[in-house]
Every structure is written in structure tokens, then in C-alpha cells.
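Tertiary structure, described
Each chain, letter by letter, is given below.
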Protein chains: 2
Amino acid sequence: MAQYRDAEALHIGTELLTLRTNTHTTTLAQKLLPLGLRLRRAVLLADRLRDIVDALKESLRNSHLVIMTGGLGPTFDDISREAASAATGRRLKEEPRLMHRIKAKFRLAKLAMPAINRRQALVLKGAHVLTNKAGTAPGQFLDLGDRALLLLPGPPRELESVWKSAWPYLTKKFGLKSQILKSFQIAGLPESHVEEMASRLLATMPKNKIESTILASSYVIDLIFRIMNKPPQPTINRIRGELKNIFEHHFLGEDGSTLERELGLLLSDAAETVAVAESCTGGQIADRLTNEPGSSKYFFEGFVSYSNESKINRLGVASELVERHGAVSQEVAQAMAQRAKDQSGADWAISVTGICGPSGGSAQKPVGLSWFGLARPNGTAAVQEKTFTGDRKLLKEKMSSFALDWLRRELLKKKFK
Amino acid sequence: MAQYRDAEALHIGTELLTLRTNTHTTTLAQKLLPLGLRLRRAVLLADRLRDIVDALKESLRNSHLVIMTGGLGPTFDDISREAASAATGRRLKEEPRLMHRIKAKFRLAKLAMPAINRRQALVLKGAHVLTNKAGTAPGQFLDLGDRALLLLPGPPRELESVWKSAWPYLTKKFGLKSQILKSFQIAGLPESHVEEMASRLLATMPKNKIESTILASSYVIDLIFRIMNKPPQPTINRIRGELKNIFEHHFLGEDGSTLERELGLLLSDAAETVAVAESCTGGQIADRLTNEPGSSKYFFEGFVSYSNESKINRLGVASELVERHGAVSQEVAQAMAQRAKDQSGADWAISVTGICGPSGGSAQKPVGLSWFGLARPNGTAAVQEKTFTGDRKLLKEKMSSFALDWLRRELLKKKFK
């Protein structure tokens, strides 16, 4: 028996082939996993009936479940219903209950219903109507015996709502499997190092029970495991334990964790607070810290000191330090952190000063150079120098990541000392 | 004669069907436009040879140009070369010049070359090798008479480099057309309003010469025109003029412009500076301002005053105001802006205080409520109340957008007074 049955996705919308990035594929891939369905391919198609019908026929030949996203609106270029009808040979019928609901909506808004809106009440013969709580386009689920067809609306919030309505039909058709997709995050190491360090662990895993993938972004690396062992929990626990041993303080967390989330948890646990003093990152460290709900418990204030004057007048860095060593220097980074801590009364402070370019670099201080400062609860301070590569936006991201990560590692050290 | 010839994209990589969002489709769609090629469909495929060969054969039947991305690395799951060979019937040959380059690279790094790396020197018989300045995987261009096949590496920077190497072959094969994709940005209006306001202009456009699309994001709406008139410039000028008339100060800019870019240009033009005082946006306004190269000319400092104490002690908001009206109030917003302006000496200051949730809302002050303050060079101040919807991250984004947009409109008003 194959571990998986196949699913395919057809994403309908001319905009997906011009300017809008499609995010439905990965969303669906993860939703399909507990059904024991693997996404075999995804096809992006413009709003052209013949192309959609051809692709849909082919997908229905190849796979057990075909999901179409988009093309369920009321306008004339919304043709997923017609394409599904042509590909399956099922007639479209106006569903009175749906028609009633649409009319009621217009009555409530005291508007005349345009004739074109009747189209949203058209349902494939034999299909189940799937409620959409986030919009007007209902979904449809059509059982075709050894296959099934699912029509979902394109806007992400509507897709989520209709997916929920489809869930009972999907589990009835495909059953629920205990396959699990589990991700662990590693921070502050290049992808090739992570791969090398994890290779011995990955080699010991039975390929038919556990599959692994590595995904890199600017600072955090995802190790993703598709686990088919039943029950999966002992396997997950073993992998987590081994990864923690291998990566030590570079082990960040699991299930898509972020630096700001882990740092927030550590600060909350310790009942400590942090202040930030940012130059080159321009407020991004504070912005990321405050993305976490409840961050007001451990973050009270940040200084965005972009100019020398602000470093001197607002933070209180001694002007001699700036003059003698320059704004991007060990001395200024350390003073920024210490002054931010003193002024705010926070337990910790982190600072960064650097050069994000594209101009402003020199042979001695190139674009990408950055100094980080850290002031600790016990009054000691530390600095680190780092040189990153990338364009302006990427540099800001890497520098803010490093600052958050440094504090996270300090808190970890303290916790386990 | 058709306006376009067709192209198709095959994106290879199991990760695209699990967790990684594919961004190549829209990148390629725009690159293909000046060649008079329209992306007809895009297919995301896992690293399975048979599926790739089948899809490639079908695409070569349907379209004039087929582009494969990914699968050109050295490891065993990089099978785009083999799939292309199987689908076209062209043998793979080891190219001595490539082999030489790969060996030299390993010699330079003082490493033994693993045998597996030979695979990156395999070239389809008759294909042109395309230099990759950003990595080790070269691209390939294969002319098949009335069709062509282009192999590109998956990492975006490498794709860009190889695309440049492919350009001479592509223009020789397909010619250069004067078709242009032109985008204009509208700020601060809902998508449906933008659609309605633009509908009369859009209706006057000859469908076979100008196509239009509307794309909405959290605050800025894109109006995109595919222009086939030759020369296109008079048409672009006419559209720009009409859009400016229709949308007035909501007209933001063109070619993917952003609030922070347009605001930066206006501040630079006026040789004026801005300071920010942020509570609920947590530094995001400053972060976005400093995404622009050269922003240090007009942005000197920002206050991230997340707590009441910071608003009082750092900014100098009167504590009675906070006590009497609450931190999220007209009075505190106005005082934050005025104090930020006074302390920084900037010409302008903007402030925001609000509730981003998920908790902290009440019946009187719900999640999404925000007060904005603006302090002007002439000493006057203004406040605005706004209630936005969305989750925490979306609220921060909408609030920071509104703050940037308000200042932009003020600067525009002043400029054209």
C-alpha cells in the first residue's frame, strides 16, 4: 500500500500569472497531510475556460482529490463553476436556498441585486454546498466515487472558512491519518552547517517512516519532518532531544517558532524587561518584539537613534565617543546599550549601530558592518562585531535577528546556569 | 496575428509542494513581457522524474517557450537535466569547459571534488550554456525550431544571473516587443471604491490594446495596465493624468511605489525632517521610513513609547493626560506628536496610540481603535481617530500605513498650495 494518495491543486486567476504571488499551494499541502493526501502538483491557470477544463480533466485522471481555488465570484471572469461542469459532465443548477440567501443580503443592504449575482447560486448536480462565513462565494464538494472535486474561493480568509465546511466530507471520504508535519527551528547558523550537523541524525531515520527537508531563510533554518510512525509523539520527542543535543543554544523552537516568540517567553519566564537602542535597524527590533501578543509585559520602550545628535542628546552617549570612534564602533554600541538600560530602567538592553548601505560604506567600515551592545541586569556589558551581506532590507533583517538572538542566548545561559 | 505567444513555467522542487512559497511565476511573467510572451500556465512539481517528463512534454506541445526553474544542483534529487533530456530526446554530454571550471573551484578551496559534482557539467546536446555568476549551477538554452527550452536554477539570485545570460538568445529567438506592464498605486481607499472610481476610465480603453487589473493589499491598491499601444508612452501619460484627476491625493505613485518612498521624496524635496512617536505600532513607522536609502537626510530619531511611563518620562506627555483620558486618546496622541517634534527639533512629527489586541480592548475602546497625532512646522497640530480591522500584525501594518500616508498628504497639500 502506498503511504499516500495523491491530490492536485488548480489555482485559477490571471493575476497569479502576472503579479500576485500564490500562497495557496503550501497552505493546502499542510491541510491535506492529516488526510493522508500528498500534493502531487499544483497548476496556476489564467481565467481561460478551455485551459482550465483541460487541466481539470487531466488532474481528475491522475489524482484522488482535485482542489480548485478561485474563480467563484459573481463576475464573468469567474468561471470555475462552468469549468468544473464541463470537465465532470455535471449540470449546474440554481440552488434555491443559496439564491434566497444572496437576495436577503441585498435586501438587507437596501440594494437591487444585479442579475450577475445569480451565478453564485449555481451548484454542480450532486455537489454539497460548503458554507462561506467570510464572504459570499460558497464552496462545493463533489464526490465522484474513486475521486473527489473540491471548489474553494480564492481570498485566503474565505478559503479557510470553506475548508472548515468541507472537513466533514473530506474526512468521511479519505479518513484521518496520524501523519504529522513537524518543524524545528535552528537560529544563527548557515544552511550548510545545519545540514552537516544534522546529517548523522537524518541518516539514522527510516526513509519510509520519516522524511526530512531543510528550508533556509535569512537567519532561521527550518528542519521539517514528515512523520508516519504511529503514534508520532515518541518519534517527535526523540528528534527534539537529539536536535537540542546537536545544536545546543542554536536550537530555537518548534512549529514555526520565531526569535521574538522565544525571546518573549524567556523574558516572561524570568519576569524581566528589555529596552532597545537602534540605529541602522531603524526600529525593526522593537517592531518585531511587539509583534508578540503580551509584549507590553516585558517591553516598555525603544530608542530609534538614527542620527549622531539623537545618540548624544536623546540616549546620552558621550559626544567624544562618537567623534573619536565614529557612530559605527564598539564604543558607541556599548554606550547605547548602557544608556538605554539606565534611562529605561529595564533589566536588559540591546543596541545596534551599523551600515546598511547602499552608500555610506568605506574600506575600513564596509556596508554590512555592525556593532551590537548588550547591557545585563548585573551591570556588566558586552559588545560584538558582525559583518553581514545582502541589500539594505536584508541587512536590516539580519541585524535585527542577530540582536534578538543574542539576547535570547544570554537569557538561556542564565536560565540553565 | 495573436498579440502574444505563449510561455509556460515548470517549477521543480518538492519543497514548493510542502512549505516554500513559489515566487518565480510572477518574476518570470514580468520578464517575459518585453519578449511578447505571455505566461499561459505555471506548474509546481515535486522531484519525481516521470511527472516532470510528462509535464514538460505537454508544455512543449502547447507553448513556444518552456522555462524550468530548479533541479540544477549537484545532488541526486536535482533531476531537471535528466527530465529535459528524456522529454526532448537530446542526449546529455559532459561539457569539458564546465568540468574544468568546477574542478578549478574545488582546487581553489583545497577540497577534493565529490564525484556527484560532475553532474553540473552535463549539457543537453545542442544547448547553449548560460553563465551563473551567483552560484555553481549553469543554465541552458535549447533552440528547438518553433519552440525553445530554458533551464534556470532555483535560488532567486542565481535565476537573475542566468536570466541575464539567456537574454541575447531570447531576444534573438522572440524579438523585442514594446509591450509594457505599468502599475499605478492608490493609497487609503477600499478596493471596491477604487474599482468604482476607475470604472469609467477603464471602460474607455480599447481591450485589444490595454488590459487592466486591480490588486489590493492592506492599504495600497495597485492598478495594473498591460499596454500594447506603440509607442506606449503617450498612453501611459494619459492614464497617469486621468488617475491623478480621479484619485487626487489618493494617487500615490507608479512602478510599485510605496508610502515610505513617496513620503521620502516629498520630505527630501522640501528639505524637511520628521520624527515619530509610536506606541501600538512598536517601531514599524520608523522601520519603514528607514527602509528607504538616504532616509538619514530627513529622519533623525523615533520614540517607541510602549508603556505609559515611557510616554510620560521619555516623551514628556503630561501624566494627568494619560490618567484622565487613557493612553489611547485624542489628547495623548496630540501630546505625543508635539513632544516628539519639540524634543527632536524635526519639522514634522507623527504619532500613534491604539489597541492592536488580541486582548486589551473594551466596548468603548475596541481592538483596532487608534488615535493619530500630527505636529506641523508652523506649530499647529491635528489628530485623527481611526478604527481598523484585522489581527495584530495586520493592525500594526494598517496603522503605520495610515500614519505615513497622513504625513504624505499634508506634504502634498503644502507643496501645491
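The following refers to the structure shown. From a predicted model like this one, the values you see are computed outputs, not experimental measurements. (Residues numbered from 1 in each chain as written. Chains lettered and ligands numbered in written order. Predicted model: local features only at pLDDT ≥ 70, side-chain atom pairs only at ≥ 80, totals over all residues. Heavy atoms only, no water.)

1. Focus: the overall build of chain A
Secondary structure assignment for chain A yields 13 helices and 17 strands. When burial is assessed residue by residue, chain A has 54% of its 417 residues classed as buried. Pairs at least 24 apart in sequence give 67% of the contacts found in chain A among residues at least 6 apart. When the accessible surface of chain A is split by element, carbon and sulfur atoms take 51% of a total near 18000 Å². (Helix = DSSP H or I, 4+ residues; strand = E, 2+ residues; numbered from the N terminus. Buried < 20%, exposed > 50% of the residue type's maximum accessible area, 1.4 Å probe, protein only. Contact = heavy atoms within 4.5 Å. Areas by Shrake-Rupley, 256 points an atom, 1.4 Å probe, with all protein chains shown as cover.)

2. Some remarks on the state of the cysteines
Residue and element names in this part refer to chain A. Tallying each qualifying case throughout the model produces zero disulfides over all chains. In this model Cys 280 remains outside any disulfide bridge; the closest cysteine sulfur is found in Cys 356, 4.5 Å from its own. Residue classification places Cys 356 among the buried positions, given a relative accessible area of 6%. (Disulfide = S-S within 2.5 Å.)

3. Thoughts on the relation of the copies chain A and chain B
By a simple turn and slide, chain A fits onto chain B: the slide is 0.0 Å along the axis, the RMSD is 0.1 Å, and the turn is 180°. Each copy turns onto its partner about a two-fold axis. Most of the interface of chain A is mirrored in chain B, where 100% of its interface residues again form contacts. (Least-squares fit on C-alpha atoms with pLDDT ≥ 70 in both.)

4. Considering the sheet that holds strand β16 (residues 369-375) of chain A
Ordered in space as β17(A)-β16(A)-β15(A)-β13(A)-β14(A)-β14(B)-β13(B)-β15(B)-β16(B)-β17(B), the ten strands form an open sheet in which the pairing is mixed. Looking at which strands have only one partner, the edges of the open sheet turn out to be β17 (381-387) of chain A together with β17 (381-387) of chain B. Sheet twist, expressed as the average angle between the axes of neighbouring strands with direction ignored, equals 15°. By the bridge criterion, seven bridges tie strand β16 (residues 369-375) of chain B to β17 of chain B in an arrangement that is antiparallel. Residue pairing in the sheet places Gly 373 of chain B in a bridge with Val 383 of chain B of β17 of chain B. Contacts between helix α13 (residues 392-415) of chain A and the sheet are confined to β13 (274-278), β15 (348-354), β16 and β17 of chain A, with β16 of chain A contributing the most and set at about 30° to the helix. (Pairing = 2+ DSSP bridges. Axes fitted to C-alpha atoms, helices over the stretch in contact; angles between N-to-C directions.)

5. Some thoughts on the packing of helix α1 (residues 24-32) of chain A against helix α5 (residues 156-174) of chain A
All names here are of chain A. The geometry of α1 relative to α5 is characterised by a closest axis approach of 12 Å and an angle of 20° between their N-to-C directions. When the axis of α1 is compared with that of α5, the two are roughly parallel. Between α1 and α5 lies a crossing whose hand is right-handed. Contact with α1, carried on its side by His 24, Thr 27, Leu 28, Lys 31 and Leu 32, involves Pro 156, Leu 159, Glu 160, Trp 163 and Trp 167 of α5 and no other residues of that element. Tallied by class, residues from the contact of α1 with α5 come to six nonpolar, two polar and two charged. (Parallel < 35°, antiparallel > 145°, perpendicular 65-115°, else oblique. Left-handed = near helix turned anticlockwise from the far one by under 90°. Nonpolar A, V, L, I, M, F, W, Y, C, P; charged D, E, K, R; others polar.)

6. Section: the sheet that holds strand β8 (residues 148-152) of chain B
An order of β6(A)-β7(A)-β8(A)-β3(A)-β1(A)-β2(A)-β2(B)-β1(B)-β3(B)-β8(B)-β7(B)-β6(B) is seen for the twelve strands of this open sheet, with the pairing classed as mixed. Across the chains shown, the open sheet's two edge strands, defined by having one partner strand only, are β6 (128-130) of chain A together with β6 (128-130) of chain B. Neighbour to neighbour, the strand axes of the sheet diverge by 15° on average, direction disregarded. Relative to strand β2 (residues 37-45) of chain A, strand β1 (residues 5-12) of chain A runs parallel, the two sharing eight bridges. Within β2 of chain A, the residue paired with Asp 6 of chain A across the bridge is Arg 38 of chain A. Contacts from helix α5 (residues 156-174) of chain B reach β1 (5-12), β2 (37-45), β3 (65-69), β6, β7 (139-143) and β8 of chain B, with the element oriented near 170° to β8 of chain B.

7. Describing the interface of chain A and chain B
Each side of the interface is counted separately: chain A has 60 residues, and chain B has 60 residues. Between chain A and chain B, roughly 5000 Å² of surface is buried when both sides are summed, and carbon and sulfur atoms account for 51% of that area. The tally of links from chain A across to chain B stands at six salt bridges. The interface formed by chain A and chain B includes 34 residue pairs in polar contact (both at pLDDT 80 or more). (Buried area = accessible area lost by both parts, 1.4 Å probe. Salt bridge = Lys/Arg side-chain N within 4 Å of Asp/Glu carboxyl O. Polar contact = N/O pair within 3.5 Å; in protein donor to acceptor, adjacent residues only side chain to side chain.)

8. Side note on helix α1 (residues 24-32) of chain B
The buried fraction of α1 of chain B amounts to seven of the nine residues, a majority that puts the element mostly inside the structure. Here the buried face of α1 of chain B lies against β2 of chain A together with β1, β2, β3, β8 and α5 of chain B.

9. A closer look at the environment of His 64 of chain A
Residue and element names in this part refer to chain A. By the secondary structure assignment, His 64 is in the loop between α2 (49-62) and β3 (65-69). For His 64 and Ala 148, which are 84 residues apart along the polypeptide, the C-alpha to C-alpha distance reads 6.3 Å. When near neighbours in sequence (up to four residues on either side) are disregarded, His 64 contacts Arg 5, Asp 6, Asp 146, Arg 147, Ala 148 and Phe 174.

10. So, the packing of aromatic side chains
Residue and element names in this part refer to chain A. Under the defined criterion, the tally for this structure stands at 17 aromatic pairs over all chains. Ring centres 5.7 Å apart and planes at 20° place the aromatic pair Phe 141 and Tyr 169 in the stacked group. Taken together, the positions of Phe 141 in strand β7 (residues 139-143) and Tyr 169 in helix α5 put the pair 28 residues apart, joining distant regions of the chain. The exposure class assigned to Phe 141 is buried, which follows from its relative accessible area of 2%. Between the aromatic rings of Phe 372 and Phe 388, the centroid separation amounts to 6.5 Å while the plane-to-plane angle is 90°, which identifies the pairing as edge-to-face. Of the two residues, Phe 372 is situated in strand β16 and Phe 388 in the loop between β17 and α13; the sequence distance between them amounts to 16 residues. Here a set of aromatic residues connected by ring pairs shows up, and it is made of Phe 372, Phe 388, Phe 402 and Trp 406. (Phe/Tyr/Trp six-rings, centres within 6.5 Å; stacked < 30°, edge-to-face > 60°.)

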